[in-house]
There are 2 protein chains.
Amino acid sequence: MSVGIRHDDLRRRNRAMVISAVRRAGQPSRTEIAATTGLSHSTISAISADLIQEGILTESKASEPTALKRGRPQIGLALNPEAAAVLTVVLSLNFLSVAVIDYAGQVIAEEQQRLDTLVMPRDELIGECLAIVRRRLQDPDLDVGSVARIAMGIQGITDSHARAMLWSPITPVTDIPFADILEREFEIPATMENDCNMMAVALRWRDPERYRDNFIAILLSHGIGMGLVLKGELFTGTHSSGGEFGHMIHRPGGALCRCGRRGCVEAYAGNYAIWRSAMGISEDAAPIDIGDADMRALAAKAREKDGPEREAYRRAGEALGFGLGSLFALIDPAPVAMVGVSAAAFDLIEPALREAIAQTAGGQHSNSISFDTEPNELPLIREGCAMRALTFVDQEIFAPGMQARAGKDVA
Amino acid sequence: MSVGIRHDDLRRRNRAMVISAVRRAGQPSRTEIAATTGLSHSTISAISADLIQEGILTESKASEPTALKRGRPQIGLALNPEAAAVLTVVLSLNFLSVAVIDYAGQVIAEEQQRLDTLVMPRDELIGECLAIVRRRLQDPDLDVGSVARIAMGIQGITDSHARAMLWSPITPVTDIPFADILEREFEIPATMENDCNMMAVALRWRDPERYRDNFIAILLSHGIGMGLVLKGELFTGTHSSGGEFGHMIHRPGGALCRCGRRGCVEAYAGNYAIWRSAMGISEDAAPIDIGDADMRALAAKAREKDGPEREAYRRAGEALGFGLGSLFALIDPAPVAMVGVSAAAFDLIEPALREAIAQTAGGQHSNSISFDTEPNELPLIREGCAMRALTFVDQEIFAPGMQARAGKDVA
DNA sequence: ACTATTTTTTTGAGGCTCGAAAAAAAGCCT
DNA sequence: AGGCTTTTTTTCGAGCCTCAAAAAAATAGT
């Protein structure tokens, strides 16, 4: 159960601290690193000398913009872009994209592709994913040997060890152990990440001020997903990627959800649910996929005049509000980011959402709960996958010969 | 944010490991400790020599029952009961109890008292608590100087730092910083713990097989409370003690809850809610406290014949089931312990609960979810407080002069 | 040119854990 | 009884790691 700390773990961990401090801060000096890590200057000096010698960090003397101060000028440390590279794969509805990112976080190659995920058989779906990755890895412009990690992101449920896709709305196929498949094919360590978790990871990197230790990313799209960060750590369920906010029960025995059950939050707030409600289709009708353009048109109509469209968004807001209220009852209120096509219609959703949340125990200070919106989820997922893969590399390069311990660290 | 590991932290942490290994295992030999902690024999030998020399551990050669084996016999290590003592205070409805526990976990003194918590003014309530603690501390039979920690448990909401009671159903008084008050009065470090969290801590010690890394303790009493352990750690909200399972929304706009809102799980499953429903009282009626005897009588009547009483328990089960389903959607299913007077009526609750949970996403494998019942919550709360205080002491004695870091470790 | 200031590196000391070997404490066997 | 085997515990030297203090480096101000 509880494991003691070995003497050699100490250096490994402190190396990790230094690398992650550099990744977070951009171009910190040794002195800055010493301040943020709490380690002594001598330790930081020794470790960074090692890391520079190993080609993981570089001294970037180009730190011109620093204010002219007395004393010996600080030397900024930066990640060496050539130290490694990672590859991200994002599989979403009818769309597959990969990117190669250098160790400093810059995209150095990209490829995207349309495909009919909903009707593709299992082997073909896996084959397309492998093929696009192989094309990128075999690109002559790229030093193949340097790709140290693959992170794949997908909408749906993954297992809590980030190894396999268990279920996804974008395909009828279930239980694909993508991480194992990728590792076997390319002999590169890989993980299979949940899309909403990656959104949360990306938000944390984009705006660490706002999204620090506790926050929630909610995907408002065909389905409703959630990525949750608690105490600075990505929260996953005990078995699965967890956080199935969209399938909390809003009204027992209520509207039919895509998951086959009744009364889930998603059955009121997913795109299909809003559409169904706006069009006067029965709540018992089977969910259908609505295109983004249709949803935008629906939102426009709802803004134009009061009517069933506006009412549909109101009901979505109510479901989300009561759901958030229940969630906040469990974890206390936290900042929320609304992501996805329906986040662009958040103006239509927010009033009813706030009204509902105010009726719950978790919403006691509902006015202080702040929402942010981001209509486009794909870039976030890609960024999240990239950062996750890079932070994994951070923990492998500095740890030569460590015993594999479940990498549950923050990304 | 992220702090490096100092060189001296190393020994401190490994001392902690050894102490907690002994506390968990009872009388482990040095070899056993080395195995569970992963540290080398020499390290364990050095640390335990220190701890014995400091009077924290003792060698217990009385380990007769060990099977006769070849080789040098193992020497069991045990906690020295006289190394320290802790004091627990449990304040519940109309009832106040304290206990003094030695370092090995044995109760060495107790006192209990009835008092009208519902009508006592603030000062009197605090005064009674201080008085009973003072009596125990001044007991001539007790070595006062050795009480190293006080843990107080109370039903209701506490802050996430375990310093203050924010709100409790047992008194109209709010926001009592009990931890500070006790510390100022007795100059002994103190914490203010939530009752359900302590139930969870106690269950973990009572049955580590079943309640290990992920489980849920639910209090079925006047109100509905929850203690949640995730990944081996007690889960609290970000601001408050959190886990307000009873105030998740079951039916938006539904029955009146004690918290003043509508539709909470508690408004269907709390004692008053079951009573209200069984007696045909309106769902809008103000909640009233029902005695345990009345509840037992109600359960007996419900078992006797089908009628409004049985229906009331059915509805409670439904509310709990949908609530658990929503909870499981977020954290994945885990073992559940039902505690409190209504846990004795769990036979009446379980069928509807299972039926409801099966209709939720979190209840996919509802048959595999297991429930355990324990009708009496007070002993659990006391045990939990004791173990929490003792593990705090474990981390103070071994850490002479450590920088205070939020003790968020498991108890 | 010289001093003040700040950052970085070097150096020596002290601690910690580890592995190997030794010591200790039994039971087993002849 | 005495030697042998087995297992646990202790001892000891080696190798690291971090820290504090001193030295070195680099620049601004005078």
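Notes on the structure follow.

Some remarks on the overall build of chain A
Of regular secondary structure, chain A possesses twelve helices and 14 strands. Taken over C-alpha atoms, the radius of gyration comes to 23 Å for chain A, in line with the 22 Å a tight globule of 411 residues would show. Considering only C-alpha atoms, chain A reaches an extent of 70 × 50 × 45 Å along its principal axes. Working note: accessible area of chain A is about 17000 Å², and carbon and sulfur atoms make up 51% of it. With 42 positive and 53 negative side-chain charges, chain A shows a spacing of 5 Å between the two charge centroids.

Comments concerning the relation of the copies chain B and chain A
The transform that puts chain B on chain A rotates by 180 degrees and translates by 0.0 Å along the axis, for an RMSD of 0.1 Å. In symmetry terms, the pair is related by a two-fold rotation axis. Every residue of chain B has its C-alpha some distance from the rotation axis, and the shortest such distance is that of R251(B), at 3.2 Å.

Observations concerning the protein's contact with DNA strand C
Looking at DNA strand C, there are 26 residues lining it, with R30(A), T31(A), R72(A), T43(B) and R70(B) nearest. Within the side chain of R6(A), one N or O atom sits 3.4 Å away from a phosphate oxygen of DNA strand C. Separating a base oxygen of DNA strand C from a side-chain N or O atom of S42(B) is a distance of 3.0 Å. For the surface near DNA strand C, the leading source of residues is helix α1 (residues 7-25) of chain B, giving four residues.

Observations concerning the sheet that holds strand β4 (residues 95-102) of chain B
What links the strands of a sheet is backbone hydrogen bonding, and the strands pair in either a parallel or an antiparallel sense. Residues and elements named next belong to chain B. Spatially, five strands are ordered β5-β4-β3-β6-β9 in an open sheet, and the strand pairing comes out mixed. The sheet is open, and its two borders are formed by β5 (107-114) and β9 (190-194), each paired with just one other strand. Shown here is a sheet whose adjacent strand axes are inclined to one another by a mean of 15 degrees, direction ignored. Summarising the sheet, strand β3 (residues 85-92) and β4 pair through eight bridges and their orientation is antiparallel. The residue of β4 that forms the bridge with L87 is V100. Lying on the sheet, helix α4 (residues 122-138) is in contact with β3, β4, β5 and β6 (147-154); it crosses β5 at an angle near 150 degrees.

What to know about the protein's contact with DNA strand D
Neighbouring DNA strand D are 27 residues, the closest being N14(A), T31(B), S45(B), G71(B) and Q74(B). When atoms of DNA strand D within 4 Å of the protein are split into backbone and base, the sugar-phosphate part holds 71%. One of the side-chain nitrogen or oxygen atoms of H7(A) is found 3.4 Å away from a base nitrogen of DNA strand D. Mapped onto the surface near DNA strand D, the elements with two or more residues apiece are α1 (7-25) and α3 (41-53) of chain A together with α2 (30-37) and α3 (41-53) of chain B. Broken down by element, the surface near DNA strand D gets its largest block of residues, four residues, from α1(A). For the surface near DNA strand D, the per-class residue count stands at five nonpolar, 14 polar and eight charged.

Some remarks on the environment of A84(B)
Checked against the element boundaries, A84(B) lands in the loop between β2 (76-79) and β3. In the structure, A84(B) is positioned 19 residues away from Y103(B) in sequence and 5.1 Å away in space, judged by C-alpha atoms.

Some details on unusual backbone geometry
One non-glycine residue with positive phi stands out, namely D175(A), at about 55 degrees. If you trace the backbone, D175(A) turns up in the loop between β8 (165-167) and α5 (178-186). Residue E187(B) is not a glycine yet carries a positive backbone phi of 55 degrees. Inspection of the secondary structure puts E187(B) in the loop between α5 (178-186) and β9. A relative accessible area of 70% places E187(B) in the exposed class.

Let's talk about the sheet that holds strand β12 (residues 233-235) of chain A
Residues and elements named next belong to chain A. Strand order across the open sheet formed by five strands is β12-β11-β10-β13-β14, with mixed pairing between neighbours. Where the open sheet ends on each side, the last strands, each with one partner, are β12 and β14 (371-374). Each strand of the sheet is rotated relative to its neighbour by a mean of 20 degrees, with strand direction disregarded. Contacting β10 (215-220), β11 (224-230), β12, β13 (336-339) and β14, helix α6 (residues 195-206) runs over the sheet at an angle of about 130 degrees to β10.

Quick word on the side chain of T117(A)
All names here are of chain A. Its place among the elements puts T117 in the loop between β5 (107-114) and α4 (122-138). Judged by its relative accessible area of 0%, T117 is buried. For T117, the side chain forms a polar contact with the main-chain oxygen of I170, separated by 3.0 Å. Non-local contacts of T117, meaning those with residues more than four positions away in its chain, are made with L91, S92, L93, N94, F95, L125, I170, T171 and P172.

Describing helix α9 (residues 292-304) of chain A
All names here are of chain A. Here α9 is 13 residues long and its end C-alpha atoms lie 18 Å apart, about the 18 Å a rise of 1.5 Å per residue gives. Residues M295, L298, A299 and A302 constitute the buried set of α9. Down the axis of α9, the sector holding all buried residues measures 100 degrees, keeping them to one side. In α9, the exposed positions that point more than 90 degrees away from the buried face belong to A293, R296 and E304. Among the structural elements, α8 (271-278), α10 (308-331) and α11 (346-357) are those in contact with the buried residues of α9.

A look at the interface of chain B and chain A
Facing 52 residues of chain B, the contacting portion of chain A comprises 52 residues. Together chain B and chain A conceal approximately 4600 Å² of surface at their shared face, both sides included; 56% is due to carbon and sulfur atoms. Of all residues in chain B, the largest losses of buried area upon contact with chain A belong to I5(B), R261(B) and L330(B), amounting jointly to 15% of the total for that side. If you look at where chain B meets chain A, you find zero salt bridges. There are 21 residue pairs in polar contact (both at pLDDT 80 or more) connecting chain B and chain A.

Some words on the pattern of salt bridges
If you walk through the whole model with that rule in mind, you get 51 salt bridges over all chains. One salt bridge in this structure joins R134(A) and E185(A), with 2.6 Å as the shortest N-O distance. One end of the pair, R134(A), is in helix α4; the other, E185(A), is in helix α5, with 51 residues separating them in the sequence. Here E185(A) falls in the partly exposed class, since its relative accessible area comes to 40%. Residue R15(B) pairs with E54(B) through a salt bridge whose shortest N-O separation is 2.7 Å. Of the two residues, R15(B) is situated in helix α1 and E54(B) in the loop between α3 and β1 (57-60); the sequence distance between them amounts to 39 residues. Taking relative accessible area as the criterion, R15(B) reaches 8% and is therefore assigned buried. Counted as one network, the salt bridges with shared partners bring together E111(A), R135(A), R136(A) and D139(A).

A short note on the packing of aromatic side chains
Applying the stated criterion across every chain, the model contains four aromatic pairs over all chains. When the ring of F346(A) is compared with that of F371(A), the centres are 5.3 Å apart and the planes differ by 50 degrees; the resulting orientation is tilted. Taken as a pair, F346(A) in helix α11 and F371(A) in strand β14 lie far apart in primary sequence, 25 residues in all. Owing to a relative accessible area of 5%, F346(A) belongs among the buried residues under this scheme. We note R23(B) situated over the ring of Y103(B); from NZ or CZ to the ring centre the distance is 4.8 Å. Between R149(B) and the ring centre of F392(B), over which it is positioned, the NZ or CZ distance is 4.1 Å.

Criteria and cut-off values
- Going along each chain's sequence as written, the residues are numbered from 1 onward.
- Numbering of ligands from 1 and lettering of chains from A proceed in the order in which they are written.
- Only residues with pLDDT of 70 or above have their local features reported here, since the model is predicted, and side-chain atom pairs are shown and tallied only from 80 upward, although totals for entire chains, interfaces and linings are computed over all residues.
- As a rule here, side-chain values cover all heavy atoms of the structure and leave hydrogens and water aside.
- Helix and strand assignments come from DSSP, with helices taken as H or I runs of at least 4 residues and strands as E runs of at least 2, each series counted from the N terminus.
- In this treatment the radius of gyration is a C-alpha quantity, and the globule benchmark scales as 2.2 Å times the residue count to the 0.38 power.
- Accessible areas in this description were obtained via Shrake-Rupley with a 1.4 Å probe; residue shielding takes into account the shown protein chains only.
- All tallies of charge rest on Lys and Arg as positive and Asp and Glu as negative; His and the ends of each chain are not included.
- For charged residues, the charge sits on one atom: NZ in Lys, CZ in Arg, CG in Asp, CD in Glu.
- Copy-to-copy alignment: least squares on C-alpha atoms, limited to residues at pLDDT 70 or above in both.
- If even one non-hydrogen atom of a residue comes within 4 Å of a molecule or strand, that residue is called near it.
- Under this definition, polar contacts are N or O atom pairs within 3.5 Å; protein pairs additionally need one hydrogen-donor-capable and one acceptor-capable atom, and for neighbouring residues in sequence, both atoms have to be side-chain atoms.
- Strand pairing follows a simple DSSP-based rule, namely that at least 2 bridges must link the two strands.
- What counts as an axis is a line fitted to C-alpha atoms, over the stretch in contact for a helix, and the angles between N-to-C directions run from 0 to 180 degrees.
- Contacts are assigned to residue pairs that have any heavy atoms within 4.5 Å of one another.
- Gly is put with the polar residues, along with every residue not named as nonpolar or charged; the nonpolar set is Ala, Val, Leu, Ile, Met, Phe, Trp, Tyr, Cys and Pro, and the charged set is Asp, Glu, Lys and Arg.
- In this scheme, a residue with accessible area under 20% of its type's maximum is buried, one over 50% is exposed, and one in between is partly exposed, where area comes from a 1.4 Å probe on protein chains only.
- To estimate the expected span of a helix, subtract one from its residue number and multiply by 1.5 Å.
- Picture the helix axis, draw a direction to every C-beta atom, and the arc is the one those directions span.
- Once two parts are put together, the accessible area they lose, assessed with a 1.4 Å probe and summed over both, is termed the buried area.
- When a carboxyl oxygen of Asp or Glu lies within 4 Å of a side-chain nitrogen of Lys or Arg, that pair is called a salt bridge.
- Side-chain rings of Phe, Tyr and Trp (the six-membered ring for Trp) are treated as a pair once their centres are within 6.5 Å; stacked means planes under 30 degrees apart, edge-to-face means over 60, and tilted covers the remaining angles.
- Consider the ring centre and the ring normal. A charge sits over the ring if Lys NZ or Arg CZ is within 6 Å of that centre and within 35 degrees of that normal.

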